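Descriptive analysis of the structure
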Amino acid sequence: MNMINTSLMADRPVRAESDVAVAVRGLTRDFGGPAVLRDLSFSIARGEFVALLGRSGSGKSTLLRTLAGLDPAPPETLTVPRARAVVFQEPRLLPWKRVLANVSLGLRTPNAAQKARAALVEVELSHRENAWPLTLSGGEAQRAALARALVREPELLLLDEPFAALDALTRMRMQGLVGELWAAHQPAVLLVTHDVDEALLLADRVMVLRDGAIAVDRQVELPRPRRHADAGFNRMRVELLGALGVTAD
Amino acid sequence: MSGAAITLPTASRAASRLPWRRVNGFLRRAYVPIVIVLLWQAGSALGLYSVQTVPPPTVVAQAAWQLACSGQLAINIWVSLERVAFGLSIGVAIGTLFALIAGLSRLGEDAIDSTVQMVRTLPHLALIPLMIMWFGIGETPKITLIALGSMFPIYLNLFAGIRGADRKLREAAGTLGLSQFETILHVVLPAALPGFLVGLRQAFGISWITLVVAEQINASAGIGYLVMNARDFLRTDIIFVGLTIYALLGLLTDSSVRFLEHHFLAWRPAYLKQESGK
């Protein structure tokens with residue numbers, strides 16, 4: 001195991017294997033050039049909400065794709081639950097299926113449609129269950145994508161900058177919604193983002209990825225609901241921005 | 001007047017356009033062809049051209065009526081339709097099969113694509129002499145030619161459609177736990193459907209062209225036979241009947257594909273806009 005990582009992990013309580021949703025052990029990824037992920041090691045506990053910050057090209061999307069099973073990885077470096085779901089930056093709904101069919105797609109339970117309806121109620125989109133995806137607004141489409149992920153009852157929910165393409169007001173609503181859904185269903189969450197505020201609003205723990213290695217791994221011990229105005233919030237914000245190479249004046 | 005113009009909101013301008021919009025869509029589209037037919041008749045009445053060279057619509061209609069009464073019209077249309085139905089079915093089936101094999105696997109692409117692309121460059125009508133030598137002058141060469149001509153547009157458009165299926169959607173389908181077969185069924189094939197329907201439209205067009213050429217060689221029935229026979233008896237009016245039937249059949253098949261598009265591609269923005277505009 002890499003020195004930096006062990007030292008960073010040291011202040012985290014050691015958990016029993018059954019408490020762990022995700023375990024990454026010495027994961028290295030390269031695409032023929034310099035390594036995108038360099039000997040990464042970390043774990044995510046069951047029900048833990050982890051935000052992964054990083055600048056463009058830091059390898060955070062590669063890490064998420066690897067956890068999602070979209071990019072291959074040596075099996076000994078990775079433990080992930082079977083039940084996982086991904087919400088991408090774009091909704092990626094099938095335009096030729098109505099919203100409900102999109103949400104229930106691939107569900108193998110007998111009451112798939114019923115479950116899908118329930119998920120749509122949770123994301124406040126049940127009035128659009130018969131709509132074609134291309135008629136949805138950006139926020140609605142992303143809520144449908146969220147319902148599609150939720151309905152699979154994931155133990156690990158992977159969010160790849162899911163709010164990046166939304167307008168500011170819609171983004172705030174969506175952040176609130178994700179927080180509520182996480183509290184209700186308690187999946188482990190890995191939220192990839194470049195928005196420090198978003199990470200601090202939602203996450204139990206924030207990691208900063210820099211040049212394919214974890215540069216910061218911090219618990220966010222602020223009371224919920226989180227407020228931008230809190231002194232603690234601001235302190236962490238400055239610290240994380242510093243880790244991302246942005247100095248606030 | 002100017003006062004009225006100022007108070008005219010956009011809503012009432014839209015309302016003034018409504019009577020025309022409310023006219024049946026078919027009538028709106030048929031308007032210009034009807035005017036052309038009327039001008040054609042008028043030109044004949046004014047003696048601009050002789051009835052022998054360009055028979056007016058009334059004479060053509062009369063000839064059509066006579067052919068219909070004698071039963072010749074129905075028989076010959078039926079024979080022609082049968083040729084297209086058989087040939088097109090075979091062509092679409094083979095084109096679809098090849099496109100699926102080549103589109104869904106690299107191995108299939110290597111085996112099929114270059115060969116099909118090579119054969120495609122050959123104008124299929126150039127094969128008529130060979131077809132006659134191989135299959136004689138019966139139905140087989142005609143149906144084979146139609147099948148051959150219609151399979152390429154299906155193959156090309158469906159293959160492109162399959163390969164053009166959004167990689168991001170396929171990826172998302174993978175994360176939803178869809179098997180490879182389900183991904184093809186729910187993601188790849190629906191994505192390729194618009195291409196397939198474009199191919200079908202082109203295939204119909206080629207079928208009619210092929211039919212016209214094939215029927216003018218050694219046919220003993222069919223619209224082409226009707227036309228060639230009329231030429232021998234200098235019956236320009238019957239030739240016009242044949243041409244009109246070709247045009248109507250082409251129109252019919254085109255609108256049937258249009259219907260399929262409306263039905264199967266209802267999710268597309270173009271159709272969605274029409275729906276909300278109603």
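That block above? That's the structure.
For the structure given in this document, a descriptive report is provided here. (Residues numbered from 1 in each chain as written. Chains lettered and ligands numbered in written order. Predicted model: local features only at pLDDT ≥ 70, side-chain atom pairs only at ≥ 80, totals over all residues.)

Thoughts on the interface of chain B and chain A
By convention, interface size is frequently given as the accessible area that disappears when the constituent parts associate. Short version of the rule: By the criterion used throughout, residues are in contact when their C-beta atoms, derived from the backbone, lie within 7 Å. Going along the chain from the N terminus, every DSSP run of H or I of four or more residues is numbered as a helix, and every run of E of two or more is numbered as a strand. Only Asp, Glu, Lys and Arg are considered charged, only Ala, Val, Leu, Ile, Met, Phe, Trp, Tyr, Cys and Pro nonpolar, and every remaining residue, Gly among them, polar.
At the interface, 16 residues of chain B touch 15 residues of chain A. Elements represented by at least two residues in the side of chain B that touches chain A include exactly α9 (167-175), α10 (180-215) and α13 (269-277) of chain B. A per-element tally of the side of chain B that touches chain A places α9 of chain B first, with six residues. Split into classes, the residues belonging to the side of chain B that touches chain A amount to nine nonpolar, four polar and three charged.

So, the environment of Ala113 of chain A
Residue and element names in this part refer to chain A. Tracing the chain through its elements places Ala113 in helix α4 (residues 112-122). Measuring from C-alpha to C-alpha, the distance between Ala113 and Val103 comes to 8.5 Å, with ten residues separating the pair along the chain. Here Ala113 is in contact with Leu100 and Ser104, once residues within four sequence places are set aside.

Let's talk about the environment of Glu221 of chain A
Summarising the element assignment, Glu221 of chain A is placed in the loop between β9 (213-219) and α8 (231-243). Sequence separation between Glu221 of chain A and Gly232 of chain A is eleven residues, and the spatial gap between their C-alpha atoms is 8.8 Å.

Details of the packing of helix α5 (residues 72-104) of chain B against α10 of chain B
All names here are of chain B. Operational definition: Axis geometry follows a simple rule: fit a line to the C-alpha atoms, using only the stretch in contact for helices, then measure angles between N-to-C directions, giving values from 0 to 180 degrees. The handedness criterion is simple: a crossing whose near helix is rotated anticlockwise from the far helix by less than a right angle is left-handed, and one whose near helix is rotated clockwise is right-handed.
Two elements in contact, α5 and α10, have axes separated by 9 Å at closest approach and are oriented at 145°. Considering only the axes of α5 and α10, their crossing is right-handed. Residues Ser80, Arg83, Val84, Gly87, Leu88, Gly91, Val92 and Leu104 of α5 pack against Ile184, Leu200, Ala203, Ser207, Leu211 and Glu215 of α10. Tallied by class, the residues present in the contact of α5 with α10 amount to eight nonpolar, four polar and two charged.

What to know about unusual backbone geometry
Residue and element names in this part refer to chain A. We count it as follows: Any residue surrounded by 20 or more other C-beta atoms within 10 Å of its C-beta is treated as buried, while 12 or fewer makes it exposed and the intermediate range makes it partly exposed; C-beta atoms here are placed from the backbone.
A cis geometry characterises the amide bond from Arg224 onward to Pro225, with omega recorded as -5°. For Pro225, the location among the structural elements is in the loop between β9 and α8. At Glu161, a residue that is not glycine, the phi angle is positive and equals roughly 45°. Mapped onto the elements of the fold, Glu161 is located in the loop between β6 (156-160) and α6 (168-185). The partly exposed category is assigned to Glu161, around which 19 C-beta atoms lie within 10 Å. The backbone phi angle of Gln186 is positive, close to 55°, even though this residue is not glycine. Among the structural elements, Gln186 can be located in the loop between α6 and β7 (188-193).

Keep in mind these numbers describe shape, not what the thing actually does.
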